[in-house]
Amino acid sequence: SMSLAGRAIPSNATSANPQSASSHDPNDKLSTAGATELHFVQNGSRLQYTVLFENDPENATAPARKVYVRDVMDDNLDINTFQLHGFTLAGHAYQLPEGRDSFNGNVVLDLGDAEITVAVAINIDSETRELIASFTAIDPETGFELQDLTKGVLLVNDESGRGEGNFNYSIQ
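These figures come from a predicted structure and were not determined experimentally. (Residues numbered from 1 in each chain as written. Predicted model: local features only at pLDDT ≥ 70, side-chain atom pairs only at ≥ 80, totals over all residues. Heavy atoms only, no water.)

1. Describing the pairing of strand β6 (residues 92–95)
Just so we agree on the cut-off: Here, any two strands with at least 2 DSSP bridges between them count as paired. Note on conventions: DSSP H or I runs of at least 4 residues are helices, E runs of at least 2 residues are strands, and numbering of each starts at the N terminus.
Examined bridge by bridge, strand β5 (residues 83–89) and β6 share 4 bridges and lie antiparallel to one another. If you follow F87 over to β6, its bridge partner there is Y94. The loop that links β5 with its antiparallel partner β6 comprises 2 residues; one of these, A90, has a positive phi angle of about 50°.

2. Observations concerning the pattern of salt bridges
Opposite charge on two side chains allows them to pair when their charged atoms are near. We count it as follows: Any carboxyl oxygen of Asp or Glu that lies within 4 Å of a side-chain nitrogen of Lys or Arg is treated as forming a salt bridge with it.
Summed over all chains, the structure comprises 5 salt bridges. For R70, the salt bridge identified is with E130, shortest N-O distance 2.5 Å. Of this pair, R70 sits in strand β4 (residues 66–72) while E130 sits in strand β9 (residues 130–138), placing them 60 residues apart in sequence.

3. Considerations on the side chain of Q83
The condition is simple: Only heavy atoms matter for contacts: two residues are in contact if any of them lie within 4.5 Å across the pair.
When you line up the elements, Q83 lands in strand β5. The residues touching Q83, leaving out its near neighbours within four places in the chain, are R46, E98, G99, R100, Y169 and S170.

4. Describing the nonpolar core
In plain terms, the rule: Joining through side-chain atoms within 4.5 Å is the link that ties buried Ala, Val, Leu, Ile, Met, Phe, Trp, Tyr and Cys residues into a set, and such a set is a nonpolar core. For every residue, the accessible area obtained with a 1.4 Å probe (protein chains only) is divided by the maximum for its type, and the residue is called buried under 20%, exposed over 50%, and partly exposed between those limits.
Within the largest apolar cluster, 34 residues are counted, with the highest numbers of intra-cluster contacts made by F87, L89, V118, I122, F135, F167 and Y169. When contributions to this core are tallied by element, the ones reaching two or more residues are β3 (47–54), β4, β5, β7 (103–110), β8 (115–125), β9 and β10 (164–171). If we skip the residues at most four places from it in the chain, F167 touches Y49, T50, V51, F53, V69, G86, F87, I122, L131, A133 and F135.

Structure representation (structure tokens):
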């Protein structure tokens with residue numbers, strides 16, 4: 001069976017400011033449907049997956065400065081056929097060239113009133129069969145994780161989708 005775990009790292013205020021804020025990140029995973037109500041797929045078929053995450057307005061009071069998602073691949077899947085296709089953050093889609101199995105780099109999100117530099121790392125560990133995705137808001141002045149509680153990778157979500165993200169991949 002496939003498991004999915006993810007979380008948004010809370011944006012807790014420093015001790016100099018007793019007020020705290022937090023983000024909350026529920027996740028979902030969509031997959032190739034398969035045939036019949038048992039969802040059979042032909043052996044050797046390439047399965048498409050999209051992992052969704054959100055800074056949930058029901059529970060979040062601040063932007064998510066870091067999003068971390070862990071997905072463990074089923075033993076029946078051939079880890080050597082893994083291909084990462086792209087990711088989306090706050091409505092900004094990034095498609096990757098064919099044949100990529102990872103992405104490590106920075107992207108800049110234009111959120112209207114602010115530009116946010118995001119360090120993106122999406123990698124698969126062939127030994128543990130874990131796919132780890134992290135999205136971290138970076139302070140462009142220091143190069144370290146952003147400390148501003150009012151900014152982040154994903155704002156608290158609303159009808160515009162500003163607090164939603166995903167990544168997609170395929171595997172046989």
